[in-house]
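Commentary on secondary and tertiary structure
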Amino acid sequence: MGAAGPSRMALADFERRCREVLGSAHCRERGALDLEAGPGVLLDPADETQVAAVLRLAEERDLAVVPRGGGTKLEWGNAPQRVDAVLSTARLSQVLEHAWSDLTVTVEAGCTVENLQRRLAQHRQRLAVDVLWPRTATVGGILSANDSGALRLRYGGLRDLVIGATVVLADGTVAKSGGKVVKNVAGYDIPKLVTGAFGTLGVITRATFRLHPLPHETRTLTIGPASAAEIADIAARIRASPLTPSAVQIRLATGAGAEADVLLEGTTEGVGEQEEEISGLCGAIRAAAGPTHAWQARERLWDQNAEGAIQDPAIVKISVLPTDISIVASILGKIEREYSATWRAVIQAHGLGLVAVRAEGSRIVPLLAALRSAVEERGGSLVILRRPPEARGVDAWGAPGDALPLMRAVKAQLDPRGVLSPGRFVGGI
Amino acid sequence: MASAATFTKAIRSFRSVVGPRGILTATEDLRAYECDGLTNFRAIPRAVLLPRSTAEVQGILRVCCRERIPFVARGAGTGLSGGALPVADGIVVSLARMNRILEVDFENARVVVEPGVVNLDVTGRVAGRDYFYAPDPSSQSVCTIGGNVAENSGGAHCLRYGFTTTHVLGLEVVLPDGSLAHLGGKALDRPGYDLTGVFVGSEGTLGIATKITLRIVRRPPCTRAILAAFASTSHAGAAVSAIIAAGVLPAAIEMMDRLAIEAAEAAVHAGYPDCGALLLVEVDGPEREAHAHVARVAELCRQQGSVEIRVAQTDDERALFWKGRKAAFASVGRISPNYIVQDGVIPRTSLPALLDEIARLSAEAGLRVANVFHAGDGNLHPLVLYDARVPGQLGAAEELSRRILLLCIAQGGSITGEHGVGEEKKEMMAQMFAEPDLDVMQRVRCAFDPLRLANPTKVFPRPRLCGEAPGEFRPHPLEMAGVAERF
Amino acid sequence: MTAPDRPSTGPRALIDTCVHCGFCLSACPTYRLWGQEADSPRGRIFLLKLADDGEAAITPRWAHHFDTCLGCMACMTACPSGVDYEQLLEFARGAVARGVRRSWRERVVRRVIFSLFPRPDRLRALRPLLVLYARGGIRAAAKRMRILEMLPGTVRALDALLPPLTRPVPTPEVTPAKGERRGRVGLLLGCVQREYLSEVNAATIRVLAAEGCEVVAPARQPCCGALLLHAGEEERGRAMARAMIDAFEGLQVDAVVSNAAGCGSAVKAYARLLEDDPRYAERAQRFAAACRDVTELLVELGPRAPRHPIAARVAYHDACHLQHAQRVRDQPRALLGGIPDLDLVEVPDPAICCGSAGVYNLLQPMAARLLGDRKARDVLSVRPDAVATGNSGCIFQLRAALDRVRADPPVLHSIQILDASIRGGRLEKRRNATGGLPRGEASQETSPRTY
């Protein structure tokens, strides 16, 4: 695929052919849809067959296609080298089968998370994951971006909840993998391969998940404010105990005390028992009923209208060992002083967190480099999800490690001509 | 490839990697490796290598890559699908001597082990601080973590705790060309493709894991067990559905039918009630919650017509409940000269219908089938009983076993819940998956193993070669055998 | 161990009971040492199958895998299918004895061991030579000049295992019961134990007497034959069994008691050993049915003699032929646990053999040493004041292993500790000539330990 891109003729020909396949209404000019404006089309196929057809057409012409669900995470990662077409899954939005007595659901990739959960709630079940912007984010999108929130502590991430997926490759191959049953070791775990792959290996068109019953009772406790070290210590003690909170989240910010939120779910007896134990663990530090909106803390990092919001921040996802959470807090403190930065962080007890940070002008660039290097030194990682204009050129992903050649080989096998979001992923994949 | 001269040269190279005590070439030593826990398939390897370090594994695979020698990795050889069956004209790489637990980090609940570490020994190492390693296959006293990674092993408690893949955070892998790759890590969500997730369950076809980072879990404060007797498997199956529908997620739900109960009683005398089906439900969690769940489960079982309910009052009693279940497979050998263990999965709700079908098919075939299952996740282990001395019975048993598996597929289930595809079920892969599905998996395989040296004959029914390999053209053994074509 | 209901037509039926599941692997000491399939019970059974199928010849390499087998029977405890490995091993050893020509060195070593150890009279005759060796300066000189290192492993092992050559305690033919007589029991005296660990027999008699047993210990009893049987010498083994049964003929004992795990398990198997001998079959059955390990008998009788406290932390080591072959696990623990103030602790990985296994530590000294070192490490990890076990071989092996790391805890027979409790004695926590019991308590006379 050359940087020069397709000729105008090739693009026009592609458009024409897509109109034949999808109908003119479903093949339009791209416009400035979440990505930078440019030539190319917005495609919205109705089903898997159409997805396959248009991808095949794109591959034949060496075009670059970016899959799009709700468009909530298009800026995550690096910008693709080129965008000739955006493939929307909006019309693949059905819940195909909710096998509620088996606790599984098969759903098309374009279904929003909220719609899915609403449907599952009819039988008092849920997909046990709390994602950003559930009203807009789609199943395919959350899988491709591997979004996970606070519930991951107890229920695992999407990789642990997805049991089957259908993926359409750039050459139009429609491939099913996994199945409809939770326990299944036949063949390779392709659903895991495409989780977090940012649509660079194929377009997910449907997925099957294992479900959990909605809890009888939920309770939120908020602990603090106190110093970051004290709060991190309490979180560690909760982790080391036999208690099973559904979520433990630590909130930190420039010039504010640290707080932790704990989500308890279960039977009334169980929840009560755990609440007592946790209050006991907190010692002198205050632990009281917390607001349920505590669980929107991650989303609020993006909301520039919220009270005390950081304007035009860089937002990064960090991953560290749980024992390093307090160290992250002190690293952020150091960076704050060194770069005159303001920041706000929401970190889960299992070591994944989001940090929104702002520094003046181009200082954001060395700031991000310093933060990344401090985190990577401890065996962690830092991925850029949102960047202010000054940070445009910074690589989103960080050190790729020695598995990069292998990743390139996988990409080369599944998308040899680099059709899907070229340049968006790790190591320039 | 693999001419006698090549092999002699290769053996010299192997010897210089692992030393004279790290390689076996005498027939008496090699024959012991000709099969794993599945004895119907046998093949004698040309040599068995027993490396002690990652560097030695790399050295071995470099030689294999250079000389185009296929290799099969082996742990304890307890697998039931022939995954460790040697490839003719290939070698076996036994990881039995790489058995050290390298790091234990309680604060982060992570452990790093070598592949030859025995599953139960991981729990043994962390039990003192009230942790355990959750995936618990029945062979856990002998099976190794490396084998668990290859098969994505489960166990009775995977209903609540998940399988091996849920507990593997990172891997150090030696690729088939001898190079090293670190997949995943100790921290979560390492940027890049989840190759750890692909590797787990790949049955040794992508490389050899030489270090495995595992997650350990805190022991729940309270564990309780309930034994419930039912008139039939349908009743018991209905009870299982009721329990799940009520929002109780037990740690394990096991079911045994009359024949299996009979055999287990004969072997270990656990004192099981005489009934059509038995449910063994284990519940864990905070104390009050566990007790509430126990009461709920007992009530639900009663509602579904349980004729007798026992709740274990002590750990010893609980162990006794489990004793029979754990002895089930082996004890079946006491009521029948031979048996085939099958492993299939169906959606839980299809259980009663499937059991009726199995009963019908077994009556047709004139053979008995004892049923043991992980009822909580629809994973069944029909034990097809037969007598090899009666002409034709082995064939009939195999056919019955196969038809049961086809039923599983028809119900939207899987051909394997735990034992893997290996050699035994590779033909069935074509029943469960369509051509494009298998093709994608094979493409991923080519990314790891372009020369097709890692356990090359397993999992996939028709080998797919990976296009041109760099360097001088050498025909692949499978090509020469006329088994595969180059794409 | 009961084999399934199938006609016993020789080894093939037994071989076929193995379903190749591999559950025995972790229990097998040699598999744990070397990780090699042919050195596991499953692998060994497979070798037998190959031989039976005519696909493998009985070659030295084939034999080697059975030579390395300890015969500890840990696999039988682990096996879910009830495979009778003990019998299969006997078949294999017999096949090896018949089919393999050993090197002259091996033959010499074996000839010496098998003509010496099962002969108490010859062991007694050896004593003055050993005393000369140990105390006459020869040993010290050999050590200085590092001669031992040049000699075969067996000789080195013998040196390491050399017991303290204290004057043997005489054992009376009949010892009356103390207080009301609850029974009359015969006592197996053993061979090496009779000569070189006689204090254990003395303690056994005292305890049995204190618990109301009249003890009959006929001096003319031979070796029980275990060593020979385990070596594949079936006929000589049977001859010893017959002689043993004869030795107790007419003595009218309620039970025949053994305090050595290996001997105890051998005599319990006499019924099967002599089932084809019309003259002895029935007598062998009765004899075997009357055999007990001393701890079994004492628990059956119930404790009567009061126990005095022994404030010590004692690690109990399960001898293989007690825990696996005889399935005697709870009784020694119950007896030791019944001693006031005694803190009984378990040793990690208890199912793995210490490496003694009869004369294994002489025939396979390197493997035995590795196992001994491993066991010593496991024992020391629980920081005991003393180690208790139910077999003389284990005692020698553990003492040698602990010596190598200069560790303190004495290694005693469980019965010696019980004896000390009943007599109100103390337990020495540092090793001395008497191996842990205070002077004057264990034997009539003692001599200082010189090495």
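Residues numbered from 1 in each chain as written. Chains lettered and ligands numbered in written order. Predicted model: local features only at pLDDT ≥ 70, side-chain atom pairs only at ≥ 80, totals over all residues. Heavy atoms only, no water.

Within chain A one finds 13 helices and 19 strands. For a compact globule of 429 residues, the expected C-alpha radius of gyration is about 22 Å, and chain A comes in at 22 Å, within 12% of that figure. Its C-alpha atoms give chain A principal-axis dimensions of roughly 70 × 55 × 40 Å. For chain A, buried positions account for 62% of its 429 residues. Of the contacts formed within chain A by residues at least 6 apart in sequence, a portion of 70% connects residues at least 24 apart. (Helix = DSSP H or I, 4+ residues; strand = E, 2+ residues; numbered from the N terminus. Rg over C-alpha atoms; globule rule 2.2 N^0.38 Å. Buried < 20%, exposed > 50% of the residue type's maximum accessible area, 1.4 Å probe, protein only. Contact = heavy atoms within 4.5 Å.)

Along the backbone of chain C there are 24 helices and 9 strands. Its C-alpha atoms give chain C a radius of gyration of 21 Å, within 12% of the compact-globule value 22 Å for 451 residues. Taken along its principal axes, the extent of the C-alpha atoms in chain C is 60 × 55 × 40 Å. Looking at the 451 residues of chain C, the share that counts as buried comes to 59%. A separation threshold of at least 6 residues defines the contact pool for chain C, and within that pool the share at least 24 residues apart is 75%. Summed over its atoms, the accessible surface of chain C is roughly 18,500 Å², and 54% of this surface lies on carbon and sulfur atoms. Put simply, chain C has 63 plus and 49 minus side-chain charges, and the middle of one group is 6 Å from the middle of the other. (Areas by Shrake-Rupley, 256 points an atom, 1.4 Å probe, with all protein chains shown as cover. Lys, Arg positive; Asp, Glu negative; His and termini not counted. Charge placed at Lys NZ, Arg CZ, Asp CG, Glu CD.)

Next up on the list: the interface of chain A and chain B. Chain A puts 76 residues into the contact, and the matching count from chain B is 81 residues. A combined buried area of about 6,300 Å² lies between chain A and chain B, and 59% of that area is made up of carbon and sulfur atoms. Per-residue buried area on chain A facing chain B is highest for K183(A), V185(A) and Y188(A); these three make up 16% of the total on that side. Connecting chain A to chain B are 8 salt bridges. Residue K317(A) is joined to D189(B) by a salt bridge in which the shortest nitrogen-to-oxygen separation is 2.8 Å. Counting the contacts that link chain A with chain B gives 25 residue pairs in polar contact (both at pLDDT 80 or more). Listed by contribution, the elements that provide at least two residues to the side of chain A that touches chain B are α6 (158-161), β9 (174-178), α7 (190-194), α8 (228-240), α9 (268-282), β16 (314-319), β19 (381-386) and α13 (404-414) of chain A. A total of 7 residues in the side of chain A that touches chain B trace back to one element, the largest contributor, which is α13(A). In the side of chain A that touches chain B, the residues fall into 33 nonpolar, 25 polar and 18 charged. (Buried area = accessible area lost by both parts, 1.4 Å probe. Salt bridge = Lys/Arg side-chain N within 4 Å of Asp/Glu carboxyl O. Polar contact = N/O pair within 3.5 Å; in protein donor to acceptor, adjacent residues only side chain to side chain. Nonpolar A, V, L, I, M, F, W, Y, C, P; charged D, E, K, R; others polar.)

On to the domain arrangement of chain A. Residue and element names in this part refer to chain A. According to the domain assignment, chain A consists of domain 1 (8-90 + 415-428), domain 2 (100-213) and domain 3 (217-391). Distance from the C-alpha centre of domain 1 to the C-alpha centre of domain 3: 36 Å. On the domain 3 side, the residues contacting the 4 residues of domain 1 number 5 residues. Summed over both sides, the interface of domain 1 with domain 3 buries roughly 400 Å², with 41% coming from carbon and sulfur. Counting the surface domain 1 buries against domain 3, the share from its top three residues, E75, W76 and G77, is 91%. Taken together, domain 1 and domain 3 are joined by 0 salt bridges. One can count 3 residue pairs in polar contact (both at pLDDT 80 or more) joining domain 1 with domain 3. Classifying every residue of the side of domain 1 that touches domain 3 by side-chain character gives 1 nonpolar, 2 polar and 1 charged. (Domains from an automatic or database assignment.)

Attention now goes to the side chain of D261(A). Residue and element names in this part refer to chain A. Within the secondary structure layout, D261 lies in strand β14 (residues 258-266). Of the polar contacts made by the side chain of D261, one reaches the side chain of T222; its length is 3.1 Å. Within polar-contact distance, the side chain of D261 engages the side chain of R251 at 2.7 Å. Among all residues touching D261, those that are not within four sequence positions of it are L221, T222, A247, V248, Q249, R251, A294 and W295.

Let us look at the interface of chain C and chain B. Opposite the 28 residues of chain C that make contact, chain B presents 30 residues. Both faces considered, chain C and chain B share a buried interface measuring about 2,300 Å² in area, 50% of it formed by carbon and sulfur atoms. Among the residues of chain C in contact with chain B, H20(C), F23(C) and F46(C) are the three that bury the most area, contributing 21% of the side total. In this structure, R31(B) engages E55(C) in a salt bridge whose closest nitrogen and oxygen atoms are separated by 2.6 Å.

Once that is clear, we can look at the pattern of salt bridges. Under the counting rule described, the total for this entry stands at 97 salt bridges over all chains. A salt bridge links D62(A) to R417(A); the shortest N-O distance between them is 3.2 Å. Taken together, the positions of D62(A) in the loop between α2 (48-60) and β3 (65-68) and R417(A) in the segment after α13 put the pair 355 residues apart, joining distant regions of the chain. Accessibility expressed as a relative area gives 31% for D62(A), which makes it partly exposed. One salt bridge connects R283(C) with D246(C), and the closest N-O pair in it is separated by 2.7 Å. Separated by 37 residues along the polypeptide, R283(C) in helix α17 (residues 281-290) and D246(C) in helix α14 (residues 234-247) bring together distant segments of the chain.

Scanning all chains against the criterion turns up 1 disulfide over all chains. With a sulfur-sulfur separation of 2.0 Å, C446(B) is cross-linked through a disulfide to C466(B). On the sign convention where negative is left-handed, the bridge of C446(B) and C466(B), at about -75° about the S-S bond, is left-handed. Taken together, the positions of C446(B) in helix α16 (residues 435-448) and C466(B) in the loop between α16 and α17 (477-480) put the pair 20 residues apart, joining distant regions of the chain. Side by side, C446(B) and C466(B) carry an identical accessibility label, which is buried. Just so you know, C18(A) is unpaired, no disulfide at all, and the nearest cysteine sulfur is the one on C27(A), 5.0 Å from it. For the unlinked cysteine C143(B), the closest cysteine sulfur is that of C21(C), found at 12 Å. (Disulfide = S-S within 2.5 Å.)

Okay, the packing of aromatic side chains next. Enumeration according to the criterion identifies 12 aromatic pairs over all chains in this entry. Considering the side-chain rings of F106(B) and Y131(B), the 5.6 Å spacing of their centres and the 45° angle between planes classify their relative orientation as tilted. In this pair, F106(B) sits in the loop between β5 (101-105) and β6 (110-113) while Y131(B) sits in strand β7 (residues 131-132), placing the two residues 25 residues apart along the sequence. Take F106(B) and Y131(B): they sit in the same class, and that class is buried. A centroid spacing of 5.4 Å and a plane angle of 85° characterise the contact between F132(B) and Y161(B), whose relative ring orientation is edge-to-face. A residue pair is termed long-range when its members are at least 10 positions apart, and F132(B) in strand β7 and Y161(B) in helix α6 (residues 158-161) qualify at 29 residues. Overall, the relative accessible area of 9% leaves F132(B) in the buried class. By the ring-pair criterion, three or more aromatic residues cluster together here, those being F198(A), W397(A), F425(A) and Y193(B). It is K73(A) that lies over the ring of W76(A); its NZ or CZ is 5.7 Å from the centre. (Phe/Tyr/Trp six-rings, centres within 6.5 Å; stacked < 30°, edge-to-face > 60°. Lys NZ or Arg CZ within 6 Å of the ring centre and 35° of its normal.)

Below, the discussion takes up the sheet that holds strand β17 (residues 342-348) of chain A. Residues and elements named next belong to chain A. Spatially, β15-β12-β14-β13-β17-β18-β16-β19 is the arrangement adopted by the 8 strands of the open sheet, whose pairing is antiparallel. In this open sheet, the two edge strands, each paired with only one partner strand, are β15 (287-289) and β19. Along the sheet, successive strands turn relative to each other by an average axial angle of 20°, direction set aside. Bridge count for β17 against strand β18 (residues 352-358) is 6 bridges, and the pairing is antiparallel. Directly across from V346, in β18, lies its bridge partner L354. Running over the sheet, helix α11 (residues 325-339) touches β13 (247-253), β16, β17 and β18 and is turned about 170° from β17. (Pairing = 2+ DSSP bridges. Axes fitted to C-alpha atoms, helices over the stretch in contact; angles between N-to-C directions.)

Among the surface-exposed residues, M145(C), I147(C), M150(C), L151(C) and V155(C) lie close enough to one another that they form a single nonpolar patch of about 460 Å² accessible area. Inspection of the secondary structure assignment puts M145(C) in the loop between α9 (138-144) and α10 (153-161). (Patch = residues over 30% accessible without salt bridge, like charges linked within 9 Å, V, L, I, M, F, W, Y side chains within 5 Å.)

All names here are of chain A. Burial along strand β4 (residues 85-88) is two-sided: the face carrying A85 and L87 and the face carrying V86 and S88 are both buried. When strand β2 (residues 41-43) meets β4, the two strands line up parallel, connected through 3 bridges. Bridge assignment links V41 to a residue of β4, and that residue is A85. Bridge count between β3 and β4: 4 bridges; the pairing is parallel. Residue pairing in the sheet places V66 in a bridge with V86 of β4.

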